[in-house]
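Structural overview
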There are 2 protein chains.
Amino acid sequence: MSRLESQLTFLVEIDKLKNVIRRSLLTDGSRRENSAEHSWHLAVFAILLQEYAPAQLDIKRVLKMLLIHDVVEVDAGDTFAYDIGNLATQHEREQRAADRLFGLLPADQQRELRGLWEEFEQQSTTESKFANALDRLQPLLQNFHSGGQSWRDHSVTPEQVFERMRPIERGAPELWPLVLEIIHNASQRGLLKPSATPTLVR
Amino acid sequence: MSRLESQLTFLVEIDKLKNVIRRSLLTDGSRRENSAEHSWHLAVFAILLQEYAPAQLDIKRVLKMLLIHDVVEVDAGDTFAYDIGNLATQHEREQRAADRLFGLLPADQQRELRGLWEEFEQQSTTESKFANALDRLQPLLQNFHSGGQSWRDHSVTPEQVFERMRPIERGAPELWPLVLEIIHNASQRGLLKPSATPTLVR
């Protein structure tokens, strides 16, 4: 297979990401979001919110990372953030998916994209921490603006959201007060399940 | 409104792009594609196919351009490539949409994103020519792999596709032979309407 054929095979294959359905609804509540449009939205988040990263960013790397961070879901599916059972097998399923999908690419591009995906997963660089922060912030906003349907469906508590949002505190600390405000408002509006411990602020 | 509030307002507003439906089907034929997931797909096309641009590219600018090139459709809707009536009013509708949507942003980001969108529209730089080439190539592949449904629905001829694909010849000339091959195969498989003039090759 020629280099171009390999590239096109990958590009056609990842079209399937448009049929991987997440738990979050669109902000108008009309339907659940898919992972392709979620990835697009995150990339625009990165363009506009990069000034809130704690250090100078290579935005090109952030964009590439966000654009491919979910492609393994073509094989592995989306794993709901609050689904403990599925989370346990997520790593192995996603590694197998990465082997197959990035394996469709020419060797140099396979290395680059696989590397970016591993970096996103490991959250060890400024870029990957920031990218992970956005990957938490976007569904928080989606859930909040769509009336918290996916939270209510799964009886999610403020503490669960708070823990889930921790990467924002690490990757985009300037946005952390916004997160606290949204969780507070969501609790007051009854979108989150009241919990035993009454306060969120440490 | 604070700077962050303006940015979030824009990011929530463009969520609506996920409900702007294009004519192209997903490659599995299951439904029509929306402009948000289309934009994501194009950006991944850019990452993988940048080597076919005719000159050195600033890939960061290409990615940003592709990620926001369709946001005006939130107000203006998608305009089908072969719909002459709607094409006539497209420019005015999209300028009004750009005024409103980019106008939600802080002034510096408004200038940057509006500038990138205008650049995409004008196709005068290497980056914008390449971005436009991908914006033609992706639906060509989608249509071909989904059995040409949107071509057949509108009795599109090989000549129409050929003319529609011209930006690829300008913006990514190394990919032009691929385009000719796909049009030829699509014609042979009956996905395009037979036309009076029997040959495509000039």
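Everything in this summary refers to the structure shown in the same document.

Reading the values: rules and limits
- Residues numbered from 1 in each chain as written.
- Chains lettered and ligands numbered in written order.
- Predicted model: local features only at pLDDT ≥ 70, side-chain atom pairs only at ≥ 80, totals over all residues.
- Heavy atoms only, no water.
- Helix = DSSP H or I, 4+ residues; strand = E, 2+ residues; numbered from the N terminus.
- Rg over C-alpha atoms; globule rule 2.2 N^0.38 Å.
- Buried < 20%, exposed > 50% of the residue type's maximum accessible area, 1.4 Å probe, protein only.
- Contact = heavy atoms within 4.5 Å.
- Areas by Shrake-Rupley, 256 points an atom, 1.4 Å probe, with all protein chains shown as cover.
- Lys, Arg positive; Asp, Glu negative; His and termini not counted.
- Charge placed at Lys NZ, Arg CZ, Asp CG, Glu CD.
- Expected span 1.5 Å × (residues − 1).
- Arc of directions from axis to C-beta.
- Buried area = accessible area lost by both parts, 1.4 Å probe.
- Salt bridge = Lys/Arg side-chain N within 4 Å of Asp/Glu carboxyl O.
- Polar contact = N/O pair within 3.5 Å; in protein donor to acceptor, adjacent residues only side chain to side chain.
- Least-squares fit on C-alpha atoms with pLDDT ≥ 70 in both.
- Pairing = 2+ DSSP bridges.
- Axes fitted to C-alpha atoms, helices over the stretch in contact; angles between N-to-C directions.
- Parallel < 35°, antiparallel > 145°, perpendicular 65-115°, else oblique.
- Nonpolar A, V, L, I, M, F, W, Y, C, P; charged D, E, K, R; others polar.

Some remarks on the overall build of chain A
Across its full length, chain A holds 11 helices and 2 strands. The N-to-C order of helical and strand elements in chain A reads α-β-β-α-α-α-α-α-α-α-α-α-α. Rg of the C-alpha trace for chain A: 17 Å, near the compact-globule value of 17 Å for 202 residues, within the 12% margin. The dimensions of chain A, computed from C-alpha atoms along their principal axes, are 60 × 35 × 30 Å. Put simply, chain A has 202 residues, and 57% of those count as buried. Residue pairs in contact within chain A that sit at least 24 positions apart in sequence constitute 68% of those at least 6 positions apart. Carbon and sulfur atoms form 49% of the exposed surface of chain A, whose accessible area is close to 8300 Å². Of the charged side chains in chain A, 24 are positive and 29 negative, and the gap between their average positions amounts to 2 Å.

Focus on helix 11 (residues 176-188) of chain A
With 13 residues, helix 11 of chain A should cover 18 Å at 1.5 Å per step; its first-to-last C-alpha distance of 19 Å lies within 8% of that length. Among the residues making up helix 11 of chain A, those that are buried are A:Trp176, A:Leu178, A:Val179, A:Ile182, A:Ile183 and A:Ala186. Projected down its long axis, helix 11 of chain A carries its buried residues within an arc of 155°, all on one side. Looking at helix 11 of chain A, the residues exposed on the side facing more than 90 degrees away from the buried face are A:Pro177 and A:Gln188. Its buried side turned inward, helix 11 of chain A meets helix 7 (126-145), helix 8 (149-153), helix 9 (158-164) and helix 10 (166-171) of chain A together with helix 1 (3-13) of chain B. Just downstream of helix 11 of chain A, A:Gly190 is the residue with a positive phi angle, here 80°.

A word on the interface of chain B and chain A
Counting residues at the interface gives 48 residues for chain B, matched by 48 residues for chain A. Of the roughly 4200 Å² buried between chain B and chain A, counting both surfaces, carbon and sulfur atoms make up 70%. Ranking the residues of chain B by area buried against chain A places B:Lys18, B:Trp40 and B:Leu48 at the top, with a combined share of 18%. Our enumeration of links across chain B and chain A arrives at 4 salt bridges. For the salt bridge of B:Glu51 with A:Arg3, the shortest nitrogen-to-oxygen distance reads 2.5 Å. Where chain B meets chain A, there are 30 residue pairs in polar contact (both at pLDDT 80 or more). Top contributing element to the side of chain B that touches chain A by residue count: helix 2 (residues 35-49) of chain B, with 11 residues.

Remarks on the relation of the copies chain B and chain A
Between the two copies of the chain lies a relationship made up of a rotation around an axis and a movement along it. Once chain B has been moved 0.0 Å along the axis and rotated by 180°, it coincides with chain A to within an RMSD of 0.0 Å. Look at the turn and shift together and you get a two-fold axis relating the two. The share of interface residues of chain B whose copies in chain A are also at the interface is 100%, consistent with both copies meeting through the same surface.

Structural notes on the pairing of strand 1 (residues 21-25) of chain A
Residues and elements named next belong to chain A. As paired elements, strand 1 and strand 2 (residues 32-34) share 2 bridges and run antiparallel to each other. By the bridge assignment for strand 2, Ile21 is matched with Asn34. In textbook terms, the turn of a hairpin is the stretch between consecutive antiparallel strands, and for strand 1 and strand 2 this stretch comprises 6 residues, one of which, Gly29, has a positive phi near 75°.

Observations concerning the packing of helix 2 (residues 35-49) of chain A against helix 2 of chain B
For any two helices packed against each other, one specifies the inter-axial angle together with the distance between the axes. The N-to-C vectors of helix 2 of chain A and helix 2 of chain B enclose an angle of 70°; their axes lie 8 Å apart at closest approach. By the angle class used here, helix 2 of chain A and helix 2 of chain B are roughly perpendicular. Residues A:Ala36, A:Glu37, A:Ser39 and A:Trp40 of helix 2 of chain A touch helix 2 of chain B, and the partners they reach there are B:Ala36, B:Glu37, B:Ser39 and B:Trp40. When its residues are assigned to classes, the contact of helix 2 of chain A with helix 2 of chain B shows 4 nonpolar, 2 polar and 2 charged.

Some remarks on the pattern of salt bridges
Any two side chains of opposite charge can pair if their charged atoms end up close together. All names here are of chain A. Following the criterion strictly, the structure yields 32 salt bridges over all chains and no others. Put simply, Arg31 and Glu37 hold a salt bridge, and the shortest N to O gap is 2.8 Å. Residue classification places Arg31 among the partly exposed residues on the basis of a relative accessible area of 27%. Under the relative-accessibility criterion, Glu37 is labelled buried at 0%. Overlapping salt bridges bring together Glu13, Lys16, Asp75 and Arg100 as one network.

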